[in-house]
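These are the residues of each chain, in order.
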Number of protein chains: 2
Amino acid sequence: MTVLVVGSVAYDTIKTPAASREDSLGGSATYFSVGISRFAPVSLVAVIGEDFQERHIELLRSRGVDVSGLQREQGKTFRWAGEYFSADLNSRTTLDTQLNVFAEFSPSLSAEQRRSPYLFLANIDPELQLDVLDQMERRPDLVALDSMNFWIDGKRDALNKVVANADVLFMDEGEARDFACEGNLVTAARKIMAMGPSALVIKQGAHGVLVFSGDTVFSAPAFPLDHVVDPTGAGDTFASGFIGYIAATGDKTPEGYRRAAVLGSVMGSFCVQDFSVDKLLTLSMQDIEDRFRAFSQLTAFAPLQDGGSLLTRN
Amino acid sequence: MTVLVVGSVAYDTIKTPAASREDSLGGSATYFSVGISRFAPVSLVAVIGEDFQERHIELLRSRGVDVSGLQREQGKTFRWAGEYFSADLNSRTTLDTQLNVFAEFSPSLSAEQRRSPYLFLANIDPELQLDVLDQMERRPDLVALDSMNFWIDGKRDALNKVVANADVLFMDEGEARDFACEGNLVTAARKIMAMGPSALVIKQGAHGVLVFSGDTVFSAPAFPLDHVVDPTGAGDTFASGFIGYIAATGDKTPEGYRRAAVLGSVMGSFCVQDFSVDKLLTLSMQDIEDRFRAFSQLTAFAPLQDGGSLLTRN
């Protein structure tokens, strides 16, 4: 099942206490496309400037990404510069944002893209996300949505509308609280679910994710790593594993969402082990499956059997 | 197996955005004793002042806690006042600390207590923790230890010594980083494990715990709650479930530590649902077992079988 992603393609300049990297390939649609290309056909809609390098288009193409929706416009490619603080890289600050051609981004879908069965609306202006939904020939089987505080504060009405049309919604913990105007995370999640999504993925950074679907909650930790290079793109790469699992299996049950979240965490954990999409490019399916198995080891414990006693040795 | 706990008994005054409580029964040894009394015999060593109420001694006694080591001294009982901020109660500030009789606390163990097979050294001056270890007739089968930043900064040498003598060490995420002088949590954990403990429990507050033991890591989330009243005592109540499981079953394998951590999380999740130990006092064993089962539901997902493929529907 082909997955259409609409989002950003960018050049990022990243500083961490240990290293830095200038003008590395980034953007939500880039991380998502490279990540999901292991699991499902992906078609990308994004805007690039005149300075966007042919070798980066070739890189995407070499992963099987349909780049026909990469619109090249006059001007420079979207640039973001950020610095990660503290030794665990859990906090960051934006040093510079140059929207460049991204400021006038107007997604235009081909006839084929309008029929995509799966759609990921990465973090862009919710009015553009609505416009993409309007362009679809029919409602996709799965609409997944990412957003951020900037739009919660600035374009709440449009965001409400696009959330009401989403099946799967990704939000940071703080964003979910802000969006629901509710401090308790479980109550906030219920309020947001009542707006439409059948699954809500609350991202907790280095602490993993909570997945609300139906009446159930699933918790997946972040995979503990002894070396984190650059957390940029971890959220979109998580989404690539999550949606990749669903697109590959067609499993939209709560059980499927659980495995999807684990595959998302697996992919996110690889992403942060190097700058840009570098680590994702080196992965074999065996690497991915090995870490999926390691995840089972990370969270498994002997359940309490029916009629069993908690205080007898298992 | 009897568990000896040495720690604080206090009166806490707590403010949260929703409610407040004055002079409620608190202290690390109180939360631990009431929590573990469901699972194992417990003997408490702590100091109280002249103002400590008989009904609170009776409360502990009614849970089967051996209160013979409760030393009453001239002066007032240790008092702490704190306020929790933000709607999720994840950050707090200390409004007032009156050490009172706790300032001169000098733990004195009875002949019977010196033979306790299990020992929990709650968060007190590491020099006192060493003194307690010296008083033991023989090394206990299990020594568990809690500490805090105050001692990491102020009494590192004594803390190093007591950590070297501990089997199980509880630390907050930030404390572990500070103690190991290492920003990466996995690397910090390995450094601390190399100092002696066979298990290290990294507490992440509302995000759960990571348990390092041997070469394995186990992640247990915090149980998602739609109403949190007062987080005070959650860490010591977690420890009560963790050590209670080991004391009841004798299981000190990595598998046992996993179940211990889940029972700890279960007990901690009950603790925060009311002020003081109020919720812990109302619990039936059925309540505890039900939430243990709910924990399995919270974290379970279909593993990848040997020879199985990740991308076929499970």
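Computed from a predicted structure; not experimentally measured.

K.L.:
I'd like a rundown of the layout of surface pockets, residues and numbers included.
P.N.:
In this structure, the second largest pocket spans a volume of roughly 350 Å³. The wall of the second largest pocket is formed by 18 residues, among which Pro224 of chain A together with Val186, Arg190, Asp215 and Val217 of chain B lie closest to the centre. Top contributing element to the lining of the second largest pocket by residue count: helix H7 (residues 185–193) of chain B, with four residues. When grouped by side-chain class, the residues that make up the lining of the second largest pocket number 10 nonpolar, four polar and four charged.

K.L.:
So what about the relation of the copies chain B and chain A? Which residues, and what values?
P.N.:
Between chain B and chain A, the superposition needs a rotation of 180° and an axial shift of 0.0 Å, giving an RMSD of 0.0 Å. Both copies are brought into coincidence by an operation consistent with a two-fold rotation axis. In this assembly, 100% of the residues forming the interface of chain B have copies in chain A that are likewise at the interface, indicating an isologous arrangement.

K.L.:
So what's going on with helix H6 (residues 173–180) of chain A? Which residues, and what values?
P.N.:
Burial of H6 of chain A is extensive: six of the eight residues sit out of reach of the surface. Taken together, the buried positions of H6 of chain A are occupied by Glu173, Glu175, Ala176, Arg177, Phe179 and Ala180 of chain A.

K.L.:
Can you explain the pairing of strand S10 (residues 168–172) of chain A? Please cite residues and give values.
P.N.:
Residue and element names in this part refer to chain A. In terms of burial, S10 is a largely internal element, four of the five residues being buried. Alignment of strand S9 (residues 142–146) against S10, held across three bridges, turns out to be parallel. Its bridge partner lying in S10, alanine 144 is registered against valine 168. Of the pairings in the sheet, the one linking S10 to strand S11 (residues 199–203) comprises five bridges and is parallel in character. Note on S11: the bridge partner recorded for leucine 169 is leucine 200.

K.L.:
An account of the interface of chain B and chain A is requested, with residue identities and associated values reported.
P.N.:
Listed by partner, the interface residues are 59 residues for chain B and 59 residues for chain A. Summed over both partners, the interface of chain B with chain A comes to about 4,800 Å²; 56% of that surface belongs to carbon and sulfur atoms. Of all residues in chain B, the largest losses of buried area upon contact with chain A belong to Phe301, Leu310 and Leu311 of chain B, amounting jointly to 16% of the total for that side. Summed over the shared surface of chain B and chain A, the number is four salt bridges. Between arginine 293 of chain A and aspartate 306 of chain B there is a salt bridge, with the nearest N and O atoms lying 3.8 Å from each other.

Basis of the calculations
- Residues numbered from 1 in each chain as written.
- Chains lettered and ligands numbered in written order.
- Predicted model: local features only at pLDDT ≥ 70, side-chain atom pairs only at ≥ 80, totals over all residues.
- Heavy atoms only, no water.
- 1 Å grid on protein atoms, 1.4 Å probe; cavity = no way out; pocket = protein on both sides within 12 Å on 5 of 7 lines; lining within 4 Å.
- Points joined across faces, edges and corners; volume = space filled by probe spheres on them.
- Helix = DSSP H or I, 4+ residues; strand = E, 2+ residues; numbered from the N terminus.
- Nonpolar A, V, L, I, M, F, W, Y, C, P; charged D, E, K, R; others polar.
- Least-squares fit on C-alpha atoms with pLDDT ≥ 70 in both.
- Contact = heavy atoms within 4.5 Å.
- Buried < 20%, exposed > 50% of the residue type's maximum accessible area, 1.4 Å probe, protein only.
- Pairing = 2+ DSSP bridges.
- Buried area = accessible area lost by both parts, 1.4 Å probe.
- Salt bridge = Lys/Arg side-chain N within 4 Å of Asp/Glu carboxyl O.

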